[in-house]
Amino acid sequence: MTDEAKRVPRARMTARQRREQLIVVAKALFAEKGFEGTSVEEIAARADVSKPVVYEHFGGKEGLYAVIVDREVEALLGALSGALASRAHPKQLVERAALALLGYIEESPDGFRILVRDSPVAQAGGTFSSLLGDVAAQVEVLLGDQFSRRGLNPLVAPFYAQMLVGQVALAGQHWAEVREPPKNVIAAHLVNLAWNGLSALERSPEMTGPTA
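Residues numbered from 1 in each chain as written. Predicted model: local features only at pLDDT ≥ 70, side-chain atom pairs only at ≥ 80, totals over all residues. Heavy atoms only, no water.

- Per an unreviewed UniProt entry, the protein carries the name AcrR family transcriptional regulator and comes from Demequina lutea.

Set out below in structure tokens:
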């Protein structure tokens, strides 16, 4: 390389490009080390900028983390809500929701790790549990309608919605670590357990053993 070529400056990023670069860099670090384990110095160093640049764009580590969490919540909630928005058969809706969650995990593993890790700066509306609560509310409406049609008590639909969403979420967290078998196989097994259980619900279930 000639001396002249060496002196050619790198193309300067626009403010928007720099902001996106910092988000990508910080997302990887937060997923790897967590919020407390990541410093502004590390973010700046990996992005090859000075610390003031990070503060200029986000006001600090907390602001940058909040932007990332908000984006991931929006992406995952959008995927899950979209899966539940159609008028498909309830069994297909369970399948679509499972595939939506697993697909998000597959496409954004760093984002998922950030969402499921508790952080002191995560806003009340930006935690994984609150996101699942929003999804459960949508499932509750669907289950309540199905319960009424089948002569089951619709007042217990909220509990079943929480159980169903929790089942899918926990399976997703486990799959995020092992990544096998393939997501379509996991989704099929989730539907097998959830749907076969729902389709055989008793109207007035009772304990079969001692309760105390």
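So, next bit.
1. Looking at helix 8 (residues 128–149)
Then, in step 1: For helix 8, spanning 22 residues, the distance from its first C-alpha to its last is 32 Å, which sits close to the expected 32 Å at 1.5 Å a residue.
Then, in step 2: Turning to helix 8, its buried residues are F128, L131, L132, V135, A136, V139, L143, G144, Q146 and F147.
Then, in step 3: Lining the buried residues of helix 8 we find helix 5 (61–84), helix 6 (90–107), helix 7 (109–116), helix 9 (157–178) and helix 10 (183–199).
Then, in step 4: Among the residues trailing helix 8, G151 stands out with phi positive, at a value near 75 degrees. (Helix = DSSP H or I, 4+ residues; strand = E, 2+ residues; numbered from the N terminus. Expected span 1.5 Å × (residues − 1). Buried < 20%, exposed > 50% of the residue type's maximum accessible area, 1.4 Å probe, protein only. Contact = heavy atoms within 4.5 Å.)

2. Examining the UniProt feature "DNA-binding region" (unreviewed entry) in the protein
Then, in step 1: In the numbering adopted here, UniProt assigns the feature "DNA-binding region" (unreviewed entry) to residues 39–58.
Then, in step 2: Between the end C-alpha atoms of residues 39–58 the distance is 14 Å, and the span holds 80% helix and 0% strand. (UniProt positions renumbered as here; feature names shortened; annotations may be inferred.)

3. A word on the side chain of Q21
Then, in step 1: For Q21, the position within the fold is in helix 2 (residues 15–33).
Then, in step 2: With a relative accessible area of 18%, Q21 lands in the buried category.
Then, in step 3: Q21 has contacts with M13, A47 and V49, leaving out every residue within four places of it along the chain.

4. Topic: the nonpolar core
Then, in step 1: In this structure, F30, I43 and L64 are the most contacted members of the largest nonpolar core, which totals 63 residues.
Then, in step 2: Ranked by residue count, the leading element in this core is helix 5, at 10 residues.
Then, in step 3: Not counting the four nearest positions on each side in its chain, F30 is found in contact with F35, T38, I43, K61, L64, Y65, I68, I114 and R117. (Core = buried A, V, L, I, M, F, W, Y, C linked by side-chain atoms within 4.5 Å.)

5. Structural notes on the packing of aromatic side chains
Then, in step 1: One pass over the structure, following the stated rule, counts 5 aromatic pairs.
Then, in step 2: On the basis of an interplanar angle of 25 degrees and a centroid distance of 6.1 Å, the ring pair of F30 and F35 is categorised as stacked.
Then, in step 3: The class of F35 is buried, set by a relative accessible area of 7%.
Then, in step 4: Residues F35 and Y65 carry aromatic rings whose centres are separated by 5.1 Å and whose planes lie at 70 degrees to one another, so their mutual orientation is edge-to-face. (Phe/Tyr/Trp six-rings, centres within 6.5 Å; stacked < 30°, edge-to-face > 60°.)

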